[in-house]
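# Architecture and fold: a report
One letter stands for each residue in the lines below.
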Amino acid sequence: METHVFRCLAVGMDLFVTQENTAPCSANNAERAAGLFADFLPAYARVTQCVNGPSSISGLEKAIREAFGGAGEEDTSLLYLSTHGIRWEEDGKQGTVLVLSDGKTEDLLSPEELRAMLDPVPGKKVLILDCCYAGAFAEAFESEAYHVLVSCGAGERSYFWTAGEHGGTGYFTAAMENALRASDPEQIDPDGDGRISLSELAGRIREIYGVAEVGFWPAEDVEPLFFLPEDRSGRERILGVRFDPPKTENGQISLSFRFRTEQKTKLEYRLVPAGEAGWDFEKAVHLPDRERAGRTRGLLAPGEKERMLRFSAAIAGEHGEVLVQVIAWRGQEPVPECSRRIRRE
């Protein structure tokens with residue numbers, strides 16, 4: 001008999017009227033998130049996806065009502081949203097809204113309006129946001145009824161990556177997926193109880209995601225959310241990544257890390273300097289891994305790996321920060337595995 005039902009709604013929007021289109025990133029985000037909910041929540045989880053819509057506040061309210069209808073006080077309702085977050089200023093006041101769009105019509109959703117939709121839903125409510133300035137939304141949900149995980153702070157941008165016609169996700173959603181699928185058990189489930197709280201998940205994401213500052217509420221969230229299955233289908237990834245603290249000496253930055261592979265994997269590293277408006281991916285320095293398989297540099301044989309990247313601190317530029325990305329190639333498509341933010345000393 002089902003005693004605790006998980007209801008999940010994953011929403012991703014790529015097509016906009018007034019904002020830059022992001023296809024296929026948010027659609028892929030919603031699909032990846034739905035896959036995580038299906039694989040890491042109990043078998044009786046109910047997962048719904050919406051892509052490129054709803055494009056109005058009333059439409060989202062209807063989708064939430066349909067997805068979470070029938071929820072009781074013992075149930076969990078989980079909303080995942082990937083879209084544009086934008087900031088506005090009027091009469092000296094600042095605010096943050098999310099853009100709801102299907103490419104033809106748009107609406108703007110405030111934190112207060114989203115909360116008004118979710119407040120009537122009984123039971124535990126979980127909100128996961130992958131969008132710019134998501135931290136501003138987290139502040140509106142500081143209540144015992146809510147558990148919130150966001151991709152960045154209230155003043156930070158959340159970034160997407162694309163590769164080809166169909167490749168791309170948000171860096172945060174990719175990190176969430178890697179945290180659940182590719183971490184060693186002690187990295188994602190430190191207490192070894194087979195269950196993962198939001199604080200455990202956020203803690204692991206922070207170790208492998210340097211793009212922005214992950215936020216979550218409540219700060220000591222120990223209630224179990226996800227469950228750790230025996231087979232997590234992460235063998236195509238690099239596994240168990242562990243970064244050491246970076247060191248700066250004589251104008252050089254060094255970063256040591258360890259991981260393992262279970263199949264041949266092509267890797268490269270990218271050093272992305274901070275720019276005036278955020279990470280300047282156009283100026284990234286590309287470094288292939290030094291291992292070779294035959295004539296192919298950067299192709300790693302299966303096994304345990306230890307690496308040290310050493311580079312000039314000048315790469316951090318005038319803003320003094322550099323993002324170190326570990327990129328795996330799957331076929332012709334580069335996929336971000338993890339990243340680390342380094343501030344020049």
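This report concerns the structure included in the present document. (Residues numbered from 1 in each chain as written. Predicted model: local features only at pLDDT ≥ 70, side-chain atom pairs only at ≥ 80, totals over all residues. Heavy atoms only, no water.)

Further remarks concern the sheet that holds strand 12 (residues 215-217). Across the sheet, 6 strands lie side by side as 2-1-3-7-8-12; this open sheet has mixed pairing. Edge positions in the sheet fall to strand 2 (46-51) and strand 12, since each of these pairs with one other strand and no more. Taking the axes of each pair of neighbouring strands and ignoring which way they run, one obtains an average angle of 10 degrees across the sheet. Relative to strand 3 (residues 76-82), strand 1 (residues 6-12) runs parallel, the two being bridged by 7 bridges. Of the residues in strand 3, the one forming a bridge with Ala-10 is Tyr-80. Along the sheet, helix 3 (residues 111-118) contacts strand 3, strand 7 (124-130) and strand 8 (146-150); its crossing angle with strand 3, the most-contacted strand, is approximately 150 degrees. Across the face of the sheet, helix 7 (residues 198-208) comes into contact with strand 8 and strand 12 while running at roughly 10 degrees to strand 8. (Pairing = 2+ DSSP bridges. Helix = DSSP H or I, 4+ residues; strand = E, 2+ residues; numbered from the N terminus. Axes fitted to C-alpha atoms, helices over the stretch in contact; angles between N-to-C directions. Contact = heavy atoms within 4.5 Å.)

Our focus in this paragraph is the nonpolar core. Core analysis: the biggest nonpolar cluster contains 98 residues, and Phe-37, Ile-64, Leu-79, Leu-114, Leu-149, Leu-201 and Ile-205 have the highest contact counts within it. Excluding anything up to four places from it in sequence, Leu-149 contacts Leu-127, Ile-128, Leu-129, Phe-172, Met-176, Leu-198, Leu-201, Ala-202, Ile-205, Val-214, Gly-215 and Phe-216. (Core = buried A, V, L, I, M, F, W, Y, C linked by side-chain atoms within 4.5 Å. Buried < 20%, exposed > 50% of the residue type's maximum accessible area, 1.4 Å probe, protein only.)

For the structure on display, the rule yields 9 aromatic pairs. With a centroid separation of 6.5 Å and 40 degrees between ring planes, the pair formed by Phe-6 and Tyr-44 is classed as tilted. Placement of Phe-6 in strand 1 and of Tyr-44 in the loop between helix 1 (25-40) and strand 2 is noted, with a sequence separation of 38 residues between them. Of the residues examined, Phe-6 reaches a relative accessible area of 4% and is grouped as buried. When the ring of Phe-141 is compared with that of Tyr-146, the centres are 4.9 Å apart and the planes differ by 75 degrees; the resulting orientation is edge-to-face. The class of Phe-141 is buried, set by a relative accessible area of 0%. (Phe/Tyr/Trp six-rings, centres within 6.5 Å; stacked < 30°, edge-to-face > 60°.)

With their axes 10 Å apart at the nearest point, helix 2 (residues 57-68) and helix 3 run at an angle of 30 degrees to one another. Regarding the angle of helix 2 to helix 3, the classification is roughly parallel. Every pair of crossing elements has a handedness; the one defined by helix 2 and helix 3 is right-handed. Mapping the contact onto sequence places Ile-57, Leu-60, Glu-61, Ile-64 and Phe-68 in helix 2 and Glu-113, Leu-114, Met-117 and Leu-118 in helix 3. Tallied by class, residues from the contact of helix 2 with helix 3 come to 7 nonpolar, no polar and 2 charged. (Parallel < 35°, antiparallel > 145°, perpendicular 65-115°, else oblique. Left-handed = near helix turned anticlockwise from the far one by under 90°. Nonpolar A, V, L, I, M, F, W, Y, C, P; charged D, E, K, R; others polar.)

What follows concerns the sheet that holds strand 6 (residues 106-109). Read across the sheet, 3 strands follow the order 4-5-6 without closing on themselves; strand pairing throughout is antiparallel. The open sheet has two edge strands, strand 4 (85-90) and strand 6, and neither has a second partner. Averaged over all pairs of adjacent strands, the angle between strand axes in this sheet comes to 40 degrees, irrespective of strand direction. Across 6 bridges, strand 4 lies against strand 5 (residues 93-101) in antiparallel orientation. Pairing of Gly-85 across the sheet is with Leu-98, part of strand 5. Together, strand 5 and strand 6 form the strand contacts of helix 3, whose direction differs from that of strand 6 by roughly 85 degrees.

A word on a positive patch on the surface. A cluster of basic residues, Arg-290, Arg-292, Arg-297 and Arg-310, forms a positive patch on the protein surface. The exposure class of Arg-310 is exposed, given its relative accessible area of 55%. (Patch = residues over 30% accessible without salt bridge, like charges linked within 9 Å, V, L, I, M, F, W, Y side chains within 5 Å. Areas by Shrake-Rupley, 256 points an atom, 1.4 Å probe, with all protein chains shown as cover. Salt bridge = Lys/Arg side-chain N within 4 Å of Asp/Glu carboxyl O. Lys, Arg positive; Asp, Glu negative; His and termini not counted. Charge placed at Lys NZ, Arg CZ, Asp CG, Glu CD.)

Take helix 5 (residues 171-182) next. Taking 1.5 Å as the rise per residue, helix 5 with 12 residues should run 16 Å; its terminal C-alpha atoms sit 15 Å apart, in good agreement. Across the 12 residues that make up helix 5, a large majority, 12, are buried. Among the residues of helix 5, Tyr-171, Phe-172, Thr-173, Ala-174, Ala-175, Met-176, Glu-177, Asn-178, Ala-179, Leu-180, Arg-181 and Ala-182 are the ones counted as buried. (Expected span 1.5 Å × (residues − 1).)

By themselves, these observations are geometric and do not establish any function.
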